[in-house]
Amino acid sequence: MLMRTFAFPLTPMKNLLSIALVIFILQPLTGQQVIRLTFREAVRTGIEKNVLLQQQRNQAGATEAVRQSALAQMAPSLAAYGSTGSFSGNSFNQQQGEVVNGRMSFVNGGIGTSIPLFSGLSQVNRFRQASAEHLSQEHLVNMARQEVIRMVAAQFLNCLLDQQLLRIDLQNLEIQKAQYEQVRGQVDVGARAEADLYNQEFQVRNAELMIVRSSNRLKNDKALLAQTLLLEGVRDFDLEEPSMESIPDQSASQNLEVLGAEALTARNDLQQARAAQDAARVADSRIDVTRALLRGGASVSFPPSEGCVTRSRSASTAPRKSWQTRASVTPRRSPISRCIRPSS
């Protein structure tokens, strides 16, 4: 922000007031870190540091995790287990038909899998609902991003307006002081009344007051913009005016119908409402399916396959020692069971 001082041969007290006014305006610029902020940097900083936008993004990550979980529940599940141990002491050896004293080690293991064949489309509806909720949250993220851009743009333009108004007030002060000197010369030669000099002095003081008000308004708007951008360690900054030459004028090439069609497809609030409506519709269908399953349903189950590997070492009073190893894998499958509950 460019400030210029003006010295005019007023009375000594008036000169002191003018110097104090200039010092008051330039005081925030001394001893502080001043940066130059462009419109693109302001928007980028606002998107990166806005707290509400970050919350919406975190919520979008949570809904994505729920959607992935619902998708994983539709796939076959696989479970494996195992155990190992050893036993020392007397044990009955089935091969020899006698009790032997020794140490036996064993390892047991099993693998089980389950495939959902039919569950009333509950898993599919759960995935559809999670997908619709995630899509709705994505639109909320876009809405929050657009709101941040709109808020930063409005505050940035307010600061630019305040800078221009302050510049105009400074020019007005220069003009009023020049007129004061002209009226003062006319009063000295008797061409004008002394009352005109007092009126012009009032105009000068009023212009100085407008400068103070414009400066305070600019400081307040800059403080609000810095609070929105969460600027740390920067107490003052200059704003660079954006260039409007690269923005094409498309107002003449589009009509109202085209703009309305683009609004229906591009507005995130409308898309978010539609996605939320789809999620609610799928939730209602899940309730209807649950009610139908309470009247009658079918379930299919396949027990897991089991395997056992046993390795034993026995030692008797006889000098001969024997090693025995046994491994068995027994697949089992139960017939399809159907249970029908009477209607309530």
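Owing to the predicted nature of the structure, the values given are computational and were not obtained by experimental measurement. (Residues numbered from 1 in each chain as written. Predicted model: local features only at pLDDT ≥ 70, side-chain atom pairs only at ≥ 80, totals over all residues. Heavy atoms only, no water.)

A.B. asks: Help me out: how do you make sense of unusual backbone geometry in this one?
C.D. replies: Most peptide bonds are trans, and most residues other than glycine sit at a negative phi. You will see that Leu230, though not glycine, has its phi angle at about 55 degrees, which is positive. Relative to the helices and strands, Leu230 resides in the loop between α5 (194-229) and β4 (236-239). Classification of Leu230 by relative accessible area gives partly exposed; the value is 37%. (Helix = DSSP H or I, 4+ residues; strand = E, 2+ residues; numbered from the N terminus. Buried < 20%, exposed > 50% of the residue type's maximum accessible area, 1.4 Å probe, protein only.)

A.B. asks: Just checking my understanding: could you explain the environment of Lys49 for this structure?
C.D. replies: Within the secondary structure, Lys49 is located in helix α2 (residues 39-49). What makes Lys49 partly exposed here is its relative accessible area of 35%. Along the chain, Lys49 and Leu229 lie 180 residues apart, while their C-alpha atoms are 6.7 Å from each other. When neighbours within four sequence positions are excluded, Lys49 is seen to be in contact with Leu229 and Leu230. Only 3.5 Å separates the side chain of Lys49 from the backbone oxygen of Leu230, close enough to count as a polar contact. (Contact = heavy atoms within 4.5 Å. Polar contact = N/O pair within 3.5 Å; in protein donor to acceptor, adjacent residues only side chain to side chain.)

A.B. asks: Any chance you could explain the nonpolar core here in plain terms?
C.D. replies: Soluble globular proteins: nonpolar side chains tend toward being buried together. Counting 18 residues, the largest nonpolar core has Leu37, Val152, Leu225 and Leu239 as the members making the most contacts within it. Looking at which element gives the most residues to this core, the answer is helix α4 (residues 122-188), with seven residues. Once you skip the residues sitting within four places of it in the chain, Val152 turns out to touch Ala42, Val43, Gly46, Leu225, Thr228 and Leu229. Counting eleven residues, the second largest nonpolar core, distinct from the first, contains Leu173, Val183, Leu197 and Ile211. (Core = buried A, V, L, I, M, F, W, Y, C linked by side-chain atoms within 4.5 Å.)

A.B. asks: What should I look at first to understand the pattern of salt bridges in this one?
C.D. replies: Pairing between side chains of opposite charge can happen when the charged atoms of each approach one another. Counted according to the given criterion, the structure contains nine salt bridges. Here Arg36 and Glu240 are joined by a salt bridge, their closest N and O atoms 4.0 Å apart. Taken together, the positions of Arg36 in strand β1 (residues 34-37) and Glu240 in the loop between β4 and α6 (256-266) put the pair 204 residues apart, joining distant regions of the chain. With relative accessibility at 53%, the residue Arg36 sits in the exposed group. Ionic pairing is found between Glu48 and Arg44, a salt bridge with its closest N-O pair at 3.6 Å. Placement of the pair is Glu48 and Arg44 together in helix α2, with a separation of four residues, close to one helical turn. You can call Glu48 partly exposed: its relative accessible area is 45%. (Salt bridge = Lys/Arg side-chain N within 4 Å of Asp/Glu carboxyl O.)

A.B. asks: Help me understand the pairing of β4, please; the structure alone is not making it clear to me.
C.D. replies: On a regular strand, each side chain points to the face opposite its neighbour's, so the side chains alternate between the two faces of the sheet. Here β4 shows no split at all, with Asp236 and Asp238 on one side and Phe237 and Leu239 on the other all buried. For β1 and β4, the ladder comprises four bridges, and the chain directions are parallel. Its bridge partner lying in β4, Val34 is registered against Asp236. (Pairing = 2+ DSSP bridges.)

A.B. asks: Looking at this structure, I do not really get the confidence of the model for the protein. What am I missing?
C.D. replies: Note that predicted coordinates carrying low pLDDT should not be read in detail. Summary statistics for the protein give a mean pLDDT of 75 and a share of 68% for residues scoring 70 or more. Ignoring residues within four places in sequence, the model shows residues 1-10, a span with pLDDT below 50, making 26 contacts including any to other chains. (pLDDT = per-residue confidence, 0-100.)

A.B. asks: Before we go on, may I ask you to explain the packing of aromatic side chains in this structure?
C.D. replies: Ring pairs (aromatic) are described by centroid distance and by the angle formed between their planes. Counted by the stated rule, this structure contains one aromatic pair. Geometrically, the ring pair formed by Phe39 and Phe156 is edge-to-face, given 5.6 Å between the ring centres and 70 degrees between the ring planes. A residue pair is termed long-range when its members are at least 10 positions apart, and Phe39 in helix α2 and Phe156 in helix α4 qualify at 117 residues. Look at Phe156 and you get buried, because its relative accessible area is 0%. Directly above the aromatic system of Phe237 lies the positively charged group of Lys222, at a separation of 5.6 Å from the ring centroid. (Phe/Tyr/Trp six-rings, centres within 6.5 Å; stacked < 30°, edge-to-face > 60°. Lys NZ or Arg CZ within 6 Å of the ring centre and 35° of its normal.)

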